[in-house]
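Observations on the model geometry
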Amino acid sequence: MSEIFKGNFTQQEPIPDEGIEAALEVMRSGRLHRYNLVGDEPGEVGLLEREFADYTGATYALAVASGGYAMATALRAMGVKPGDKVLTNAFTLAPVPGAIASVGAVPVFVGVTEGLTIDLDDLAAKAGEASILMLSHMRGHLCDMERLMEVCEGADITVIEDCAHTMGAAWKGRASGRWGLVGCYSTQTYKHMNSGEGGFLVTDDDEIAAKATILSGSYMLYGRNGTVPPAEVFERVKYETPNVSGRMDHLRAAILRPQLARLDAQCAAWNDRYAVVEDGLRGTPGLQVVERPDEETFVGSSIQFLLLDWDDGAIGEVVSRCLKRGVELKWFGGAEPAGFTSRYDSWRYAPSERMPKSDRILRGILDMRLPLTFSLEDCAQIARIVRAEVGAVYQGQGA
């Protein structure tokens, strides 16, 4: 009898007890707004900002309402105007081009490699089209960051990093989010820390940090933030920078602080699960594992593999057969968006030209979450099921 997986791909771990207790204290106080403080107390949000800045090695960290808000705020702080072009990945999720479109700018899509990272040759070819790159480390895959920065510095391109899937990751020991001028992170439920919604913006730049703080809705209370640029910088920007409110509140900060303290251990646990699934899939006929470079310290909170050059019907059959056995695969190659999956040609507010090389890769990407509620034995079972169903369909194609 065929194995059936009984786990739930959307079930996350509970919030740590310390976070629950801290959240209860916030609720008992009634002081949820980040600037509703007593005396000189820093508050949960301010403490979280200091701790996240220390964790990433950034001078400034700003806690905000979402990762998408962080990206749009970074663009606004850099002075991006309606009609400006911004380079970004063709393989990403909708909040990335959405952040660009939210400020009236126009995404210019850059291709994807079989390693699921931005195509640096395509980036170099398109470097003259924009002065900003919104780099998405999509699904936790880091490109050669040294070469990327060489391309961008040579073309006078400023880099914003979307680190929604790479909190805790690094390239050659340098943290994701610390290569570009700004790093943006998410704490949405399916990310590496869970506050339902939330995010961070980090930078070493005084003026970007000051503008982002005003944009986030600090009014003139910016001195109460956890990491604060010099007063003279605020004096320069405070009357010229609009309030586009998107603050984090004390309740979310309270449940995030204990998670940040154990983030490295959580990342190691994800990688243990990733390794089990990857080992189980490796060598499956017709299936291509995404090889991770030695320079990359990654966080395997999800796993991707490629069914390159398969026809759509066969890929759909793999997805359907796995689902019948309890394994949820997401396909980024479908003609229509489904759930969170979509492609650059799905976002009709963002004009695009066909990219045949990237289209071939996008058509073959299958994606699967690896929540920490799965045991290593669960992961081994999942890999057996996927391997069996891919193999069955592959043989049925007469390969």
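Below you will find a few notes about this structure. (Residues numbered from 1 in each chain as written. Predicted model: local features only at pLDDT ≥ 70, side-chain atom pairs only at ≥ 80, totals over all residues. Heavy atoms only, no water.)

**Some words on the overall build of the protein**
Along its length, the protein carries 13 helices and 14 strands. On C-alpha atoms alone, the protein measures out to a radius of gyration of 22 Å, which is about the 21 Å that the 2.2 N^0.38 rule sets for 399 residues. Here the protein, with 399 residues, has 56% of them falling under the buried criterion. Only carbon and sulfur atoms are counted for the fraction: they give 50% of the accessible area of the protein, which is about 16200 Å². (Helix = DSSP H or I, 4+ residues; strand = E, 2+ residues; numbered from the N terminus. Rg over C-alpha atoms; globule rule 2.2 N^0.38 Å. Buried < 20%, exposed > 50% of the residue type's maximum accessible area, 1.4 Å probe, protein only. Areas by Shrake-Rupley, 256 points an atom, 1.4 Å probe, with all protein chains shown as cover.)

**Re the pattern of salt bridges**
Overall, the coordinates contain 27 salt bridges when judged by the stated rule. Here Arg34 and Glu49 are joined by a salt bridge, their closest N and O atoms 2.7 Å apart. One end of the pair, Arg34, is in the loop between helix H1 (17-29) and helix H2 (43-56); the other, Glu49, is in helix H2, and 15 residues separate them in sequence. For Arg34, a relative accessible area of 4% corresponds to the buried category. The salt bridge partner of Arg325 is Glu389, with a shortest N-O separation of 2.7 Å. Note that Arg325 is positioned in the loop between helix H11 (312-324) and strand E13 (330-331) and Glu389 in helix H13 (residues 376-396), a separation of 64 residues in sequence. In terms of burial, Arg325 and Glu389 fall into one category: buried. One network of salt bridges, with partners in common, ties together Glu317, Arg321, Arg325 and Glu389. (Salt bridge = Lys/Arg side-chain N within 4 Å of Asp/Glu carboxyl O.)

**Regarding the packing of H2 against helix H9 (residues 250-261)**
Here H2 crosses H9 at 35°, and the two axes come no closer than 8 Å. The interaxial crossing formed by H2 with H9 has left-handed handedness. Contact residues: H2 offers Gly43, Glu44, Val45, Leu47, Leu48, Glu51, Phe52 and Tyr55, while H9 offers His250, Ala253, Ala254, Leu256, Arg257 and Leu260. When its residues are assigned to classes, the contact of H2 with H9 shows nine nonpolar, two polar and three charged. (Axes fitted to C-alpha atoms, helices over the stretch in contact; angles between N-to-C directions. Left-handed = near helix turned anticlockwise from the far one by under 90°. Contact = heavy atoms within 4.5 Å. Nonpolar A, V, L, I, M, F, W, Y, C, P; charged D, E, K, R; others polar.)

**Examining the sheet that holds strand E12 (residues 302-306)**
Pairing is antiparallel across the open sheet formed by four strands, whose spatial order is E10-E12-E14-E13. Only two strands of the sheet have a single partner each, and these edge strands are strand E10 (288-289) and E13. With five bridges joining them, E12 and strand E14 (residues 365-369) adopt antiparallel strand pairing. Looking at E14, one finds that Ile303 is bridged to Met368. The strands touched by helix H10 (residues 263-281) are E10, E12 and E14; relative to E12, the strand with the most contacts, the crossing angle is about 20°. (Pairing = 2+ DSSP bridges.)

**Comments concerning unusual backbone geometry**
In this structure, Arg139 takes a positive phi of about 55° despite not being glycine. Take Arg139: it is sitting in the loop between strand E4 (132-136) and helix H6 (145-154). The phi torsion at Asp309 lies on the positive side, around 65°, for a residue other than glycine. Tracing the backbone shows Asp309 in the loop between E12 and H11.

**A closer look at the pairing of strand E5 (residues 158-162)**
The buried fraction of E5 is high, at four of five residues. Of the strand pairs in this sheet, E4 and E5 are connected by five bridges, and their pairing is parallel. Among the inter-strand pairings, Ile132 is bridged to a residue of E5, identified as Thr158. The handedness of the E4 to E5 crossover, carried by H6, is right-handed. Where E5 and strand E8 (residues 182-186) come together, three bridges link them in parallel fashion. Following the sheet pairing, Ile160 is matched in E8 by Val182. (Right-handed = clockwise from strand over helix to strand, strands pointing away.)

**Details of H10**
For H10, spanning 19 residues, the distance from its first C-alpha to its last is 27 Å, which sits close to the expected 27 Å at 1.5 Å a residue. Within H10, the full set of buried residues consists of Leu263, Cys267, Ala269, Trp270, Arg273, Tyr274, Val277, Glu278 and Leu281. Buried residues in H10 make contact with H2, H9, E10, E12, E14 and H13. Phi for Gly283, located one or two positions after H10, is positive at around 90°. (Expected span 1.5 Å × (residues − 1).)

All we've got here are geometric facts, nothing functional implied.
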